[in-house]
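Each chain, written out:
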Amino acid sequence: MVTTLDSVDVVTVGVGWTGGIIAAECAKQGLQVVGLERGRERGTEDFSIVHDEYRYAIRYELMQDLSRETITFRNSRDQRALPMRQMGSFLLGEHLGGAGTHWNGQTWRFLPYDFEIKTMTDEKYGPGKLPEEYTIQDWGITYDELEPYFDKFEKVAGISGEDANPFAGQRSSDYPTPPMKKTPLLQRFETATTNLGYSPFMLPSANLSEPYENPDGQQINACQYCGFCERFGCEYGAKTSPEITVVPAARETGNYNITFNANVVEVLKEGDRVTGVRYIDTVTFEEFIQPAEVVVLTSYVMNNAKLLMVSDIGEMYDPETGNGTLGKNYAYQILPGASGFFEEQMNTFMGAGALGMSIDDFNGDNFDHSDLDFIHGASFSMTQTGSRPIATNPVPPDTPSWGADFKRASIENYTRTLNVGGQGASMPHRDNYMTLDSTYRDIYGVPLLQLTYNFTDQDRALHSYLTERAAEIMQEMGAQTVVGGNPISDYDIVPYQTTHNTGGTIMGAEPETSVVNNYLQHWDYENLFVVGAGNFAHNGGYNPTGTVGALAYRCADGVIQYSQNGGSLV
Amino acid sequence: MANNDKGSKNYSRRDFLKTSGIATGALIGGGVIGGLIGANAGQNGASPTSPDGPPNQTNEQETGSAGGVRGLQFFRNNAEFEILAQATERIFPEDDLGPGAIGLGVPYFIDGQLAGAYGENSKEYMQPPFFEGETTQGYQSRLRRNEMFRQGLEIMQREAQSRFDANFVDLEGEQMDEILTAFQENEIEMKGVSSLFFFRLLRQATLNGAYADPIYGGNQNMEGWRMKNFPGHQPAYINEIESEDFVEIEPQSLGQQH
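Note that the structure is a prediction, hence the values are computed from the model and not measured.

1. Focus: the pairing of strand 18 (residues 447–452) of chain A
Residues and elements named next belong to chain A.
Reasoning step 1: By the criterion of burial, strand 18 is predominantly enclosed, with five of the six residues buried.
Reasoning step 2: By the bridge criterion, four bridges tie strand 4 (residues 71–74) to strand 18 in an arrangement that is parallel. Among the inter-strand pairings, phenylalanine 73 is bridged to a residue of strand 18, identified as leucine 451.
Reasoning step 3: Note: strand 17 (residues 433–441) against strand 18, five bridges, orientation antiparallel. Bridging from a neighbouring strand, arginine 441 pairs with proline 447 of strand 18.

Listed below in structure tokens is the structure:
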């Protein structure tokens, strides 16, 4: 039996950054909003005993319960896709705040180049710089069009930073709070990169440098540098998260309700409109229909794509023909870098998730690619996020992985190792895509999302070139031994790499090449919006959340305009 | 520090000490050793096949185990538990830096984990069908982690018998290493899982137990943290993070909050 609830103006599927932003903006305009969150309520009060590496970082306390739902994966179409039975390469979030609770807080704006990558690459290097199986395309929006939304997100989040990156897009205002502390370890990176002729700057951070009240009236506290950010929640309310900003802002309007334990399994539709969603109570397994004037998919990349697929909304991407858009342009991130082993002990166990310095000299098209066989690049950062002892066991090359020599070397180097890491852009490829799995299902009986993904020649070239640059920086920092990252071969879903998955529900200028328009409004169903990193037509050289936040504010504008006037927004 | 009662107990039992070449006096965390020895401390007859009951032991010096009581939650006899203890000690041995896996209570940590959500794969997708898959596709076994451990330890004992005609726990350290290396090199036949996969699981579980907060029963007296100069649970470093010098801080467990 299915219970049909009273209709609302807007329903969001998932309550993390995007769901919280849509809710706050729409509720402030008087729209009645319901957020359906499959996880539980949670907040700062739940994090008083969070300094527990084993429970949170190793056993993934805050992450998705894969016994209920996972994805399947294969490297290529000639392999059998198999379930991701345990978490590894990326960590899917769950519960109120989603991944916005356990993120590190590194908050970037993608480069102007990112949004017009196809046009700008062709203009500078001529068409065919990359072979045609790399399906790069413009995003249907420019940096300048998105700038007001970046500005808004940064003000709501109180981002701590300095306007000192010569390669960044034009800013309409400075960062709301000053940068974090430039610690002695960061100064080493600053000196080394300056000596090499680069332009270091403090990494924009959502771990705030000072207490801050945002424009919605929400208070964010000052970071205490405790060293437990990524994979943890913040016990100080000092790492900006949806549950301490946009969610309470939405609730204070009186126009917002969140239903917990509500796992949406289908977007309902009639003709050319969606009518609401069907969800299952994860505790009782009762089914409900939540009718709504506007449906906004605000869950993670994979789940947004999956819901469209199981609801038969849009044309599935076909890697044989290149036709269809849903599931197309899945991208990840390429991680060049170098480790340095030093003689002296350093305070590597202290830190904050977004405490770092960066250079953008090798990001985007900030350097000449004429003689290189790849495009784009990476931001390089040295972060001091707080190394913890279970996960941090650095050993020099040729050290055994266990036994007496391992023990000695891993203990000695725990406080004597620094890393320079690049977040490398990931260009989409014809063969990297998402679809529905035909064998495996979640516990609600819905097919799992199937991911087909492997690294490409572009990725390998980018990784190899930039790893050399990282090693040069580490050398200049005075490391006794410098070890560059191993060359990449096949993508492996086992070791953790990054939770910066993108694509599958990409935005663009035409319905033939994208799932949503530049208001994140679905091309075929005008009262359906899909927002998140799934909208990225490729992945850039930064953490995605700043750009996701900007897209969510853009989307909220779209939902409000649509609610007033109807019709296509473009 | 937990080495305040050394010498008050008999730690000379060769089953434990010869394997890592450690001197009696270097042992820390006597409760663990005592627990393993159980009522037979000082006797030479407690082989892995001896019918010792669960090795419960009270030791008021220990932190991390409620009331100082230790016991087994998953393993059913001392024999398999002692094999686990010796294997973890080879992976993370006692040395001049400090205790090894046994001294840190790692075997008890692993035993407790195997009895709970970790061992039962509660948060893993365990629905069929199962296929072997590529290495890049990760965990594809129908076995739960605790089944892998039980099987792996049985096979360690079998390998000890077939290679050296002895119990695993009576082997010289190098002989144990030879068997562990064979697991790591994927040369051992296991059912439903590769020996390399099991070895990685065992290695990681050992590190987990060495460095997790003592509330989980390993990292006895925070000695794992002390060796590494990790201060554990500290509320803030805002007053230290700009220091040019390395700052040594006495570690703190979450357990001390209660």
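Back to the text.
2. Description of helix 8 (residues 173–184) of chain B
Since there are 3.6 residues in each turn of an α-helix, residues three or four apart along the chain are aligned in direction.
Residues and elements named next belong to chain B.
Reasoning step 1: Taking 1.5 Å per residue, twelve residues should reach 16 Å; helix 8 reaches 16 Å between its end C-alpha atoms and fits that length.
Reasoning step 2: The set of residues buried in helix 8 consists of Met176, Asp177, Ile179, Leu180, Phe183 and Gln184. One side of helix 8 holds all its buried residues, which, seen down the axis, span an arc of 165 degrees.
Reasoning step 3: Contact partners of the buried residues in helix 8: helix 3 (78–91), helix 7 (145–164) and helix 9 (195–211).

3. Topic: the confidence of the model for chain B
Reasoning step 1: Summary statistics for chain B give a mean pLDDT of 80 and a share of 72% for residues scoring 70 or more.
Reasoning step 2: pLDDT under 50 marks residues 1–66 of chain B. Its contacts with residues more than four places away, or in other chains, come to 127 contacts.

4. Quick look at the interface of chain B and chain A
Reasoning step 1: Across the boundary between the two partners, chain B contributes 52 residues, which contact 53 residues of chain A.
Reasoning step 2: Secondary structure elements with two or more residues in the side of chain B that touches chain A: helix 3, helix 9 and helix 10 (223–228) of chain B.
Reasoning step 3: Class assignment for the residues of the side of chain B that touches chain A results in 26 nonpolar, 14 polar and twelve charged.

5. Examining the UniProt feature "domain: Glucose-methanol-choline oxidoreductase N-terminal" (unreviewed entry) in chain A
Reasoning step 1: Per the UniProt record, the feature "domain: Glucose-methanol-choline oxidoreductase N-terminal" (unreviewed entry) sits at residues 218–329 of chain A.
Reasoning step 2: Taken end to end, residues 218–329 of chain A is 15% helix and 31% strand, and its two terminal C-alpha atoms sit 37 Å from one another.

6. Observations regarding the environment of proline 248 of chain A
Reasoning step 1: Structurally, proline 248 of chain A is set in helix 7 (residues 246–252).
Reasoning step 2: The spatial distance from the C-alpha of proline 248 of chain A to the C-alpha of alanine 23 of chain A is 10.0 Å, given a sequence separation of 225 residues.

7. Remarks on the sheet that holds strand 14 (residues 351–359) of chain A
Residues and elements named next belong to chain A.
Reasoning step 1: Strand order in this open sheet of six strands is 6-14-15-16-13-19, and the pairing throughout is antiparallel. Edge positions in the open sheet fall to strand 6 (201–202) and strand 19 (481–484), since each of these has one partner strand only.
Reasoning step 2: With five bridges joining them, strand 13 (residues 337–341) and strand 16 (residues 417–424) adopt antiparallel strand pairing. Its bridge partner lying in strand 16, glycine 340 is registered against leucine 418.
Reasoning step 3: Docked against the sheet, helix 6 (residues 184–195) engages strand 14, strand 15 (378–385) and strand 16, running at close to 10 degrees with respect to strand 14.
Reasoning step 4: With respect to the sheet, helix 10 (residues 457–476) is in contact with strand 13, strand 15, strand 16 and strand 19, its orientation differing from that of strand 16 by roughly 150 degrees.

Rules of the game
Residues numbered from 1 in each chain as written. Chains lettered and ligands numbered in written order. Predicted model: local features only at pLDDT ≥ 70, side-chain atom pairs only at ≥ 80, totals over all residues. Buried ≥ 20, exposed ≤ 12 C-beta atoms within 10 Å, placed from the backbone. Helix = DSSP H or I, 4+ residues; strand = E, 2+ residues; numbered from the N terminus. Pairing = 2+ DSSP bridges. Expected span 1.5 Å × (residues − 1). Arc of directions from axis to C-beta. Contact = placed C-beta atoms within 7 Å. pLDDT = per-residue confidence, 0-100. Nonpolar A, V, L, I, M, F, W, Y, C, P; charged D, E, K, R; others polar. UniProt positions renumbered as here; feature names shortened; annotations may be inferred. Axes fitted to C-alpha atoms, helices over the stretch in contact; angles between N-to-C directions.

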